[in-house]
Amino acid sequence: MNGAVYPAPSAPPANIFGTVPGYEGTLAGGGGYLPPPMPLEPVAPPQPGPAPEDWSIPSLSEDVAHDAFKSFASSNCCWSKSPANDGVITSMEPFNTYRYRLETFTESRSTEWAHKPHEGEPADFYTQTAPRPWEVQATPPSLFTNHTEEIRVPFTSSIKECHTCHALGTMQCVECHGNGYKPCWSCNGSGTRSDENCSRCDSTGKDRCTECDSRGSKDCETCEGKRQLLTYIKLKVEWTDNVEDHVVQQNSGINVDDLRSVTGKELFKNNQYLLYPLFGFPNPAMAEASDRLIKDHQSKYAQNSRILQQRQTVELIPITKVNYKWKGDSHVYFVYGNENQVSADNYPATCCCVIQ
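In this report, the structure presented in the accompanying data block is examined.

The rules behind each value
- Residues numbered from 1 in each chain as written.
- Predicted model: local features only at pLDDT ≥ 70, side-chain atom pairs only at ≥ 80, totals over all residues.
- Heavy atoms only, no water.
- Helix = DSSP H or I, 4+ residues; strand = E, 2+ residues; numbered from the N terminus.
- Contact = heavy atoms within 4.5 Å.
- Pairing = 2+ DSSP bridges.
- Axes fitted to C-alpha atoms, helices over the stretch in contact; angles between N-to-C directions.
- Phe/Tyr/Trp six-rings, centres within 6.5 Å; stacked < 30°, edge-to-face > 60°.
- Buried < 20%, exposed > 50% of the residue type's maximum accessible area, 1.4 Å probe, protein only.

## Here's the deal with the side chain of Asp207
Then, in step 1: Secondary-structure assignment places Asp207 in strand 9 (residues 206-208).
Then, in step 2: Not counting the four nearest positions on each side in its chain, Asp207 is found in contact with Tyr181, Lys182, Pro183, Cys184, Trp185 and Arg200.

Here you go:
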């Protein structure tokens, strides 16, 4: 039996972390995002981007529409293929369907006091003035790529005794309560089983604790047996591509959610530090959406992050409403996206399975 007496583990004391100028509000566990400093030089106002030359929709041929419908019907194993194979197209109606996408690429920073097992790192606390949160160098990823980086702020590190194990480096094993053994599971600790000596534990009633290798103690999980901790301020830098879409349907009749899975013809793409709204678009609703989203993003994300770049894209998503006849009745399906996907909510022959 292990006779060591271990003090109860405790939370980090308030004085384990020092006070660093510029980081007075930093807490263990994080203290929220830090607003970026004002730019040293005035920011140039956004400029209008190039205007696209062609807003037109490419027309869909009957052969392509027919092939897409047959492929759609074939992908549903219990559907009859007759409407797709034998249906006769009576008319096709194209619809101007645009998707506007705004991306705002931001960098945000937050700080928190942190600690790790001390592994020989030097304590540099107060050897020099620590750089402020937005002065710490961090290399951003490619534009519009989500990425997170954690950085130990220079000149904030100090060495402290581990508060969990009180610098012992070990803690009592919770599995065996420090005994190094547990009651034998075969005889429930009695040493006998069915009036015979227990062969599992050689009649001792004890099983060695495999969790601590019968030592009764384990390395402290906080300091990993090092007895000391390196405390420091951790800077978390997050680069985020904030994306928002707006789709104009123009009453084509297709469910807008269906369009999320397809791509369109890219008509226009423009990126700047700060964007200028998309004026001159033939659909007023799209121009209004561009103006609204850009203002909303610039107001919302500039509060607690630094806007690095914005990008706006206009895609033309081809949608063709196909009217056809099958067995004398009129029906409708839609072909949409560059992928020529099909939507046919009222397919006239959805079950061809026969139960014998």
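## Comments concerning the sheet that holds strand 16 (residues 341-343)
Then, in step 1: In space, the four strands of this open sheet follow the order 1-14-15-16, with antiparallel pairing throughout. The two strands at the open ends of the sheet, each matched to only one other strand, are strand 1 (88-95) and strand 16. Averaged over neighbouring strand pairs, the angle between their axes works out to 25 degrees when direction is ignored.
Then, in step 2: Sheet topology places strand 14 (residues 319-326) next to strand 15 (residues 329-336); eight bridges connect them, and they run antiparallel. Residue pairing across strands places Ile319 opposite Tyr336, the latter belonging to strand 15.

## Here we look at the packing of aromatic side chains
Then, in step 1: As enumerated under the stated definition, the model contains ten aromatic pairs in all.
Then, in step 2: Look at Phe69 and Phe72: their rings are 6.5 Å apart centre to centre, the planes differ by 10 degrees, and that puts the pair in the stacked class. Within this pair, Phe69 and its partner Phe72 are both found in helix 1 (residues 62-74), separated by three residues, close to a single helical turn. A single burial state applies to Phe69 and to Phe72, both of which are buried.
Then, in step 3: Put simply, the rings of Phe69, Phe72, Trp79, Tyr324, Tyr333 and Tyr347 pair up and form one aromatic cluster.

## Side note on the side chain of Thr104
Then, in step 1: Here Thr104 shows up in strand 2 (residues 98-117).
Then, in step 2: What Thr104 contacts, discounting residues up to four positions off in sequence, is Thr240, Asp241, Asn242, His297, Tyr301, Ile307, Gln309 and Gln310.

That is the geometry; function is a separate question.
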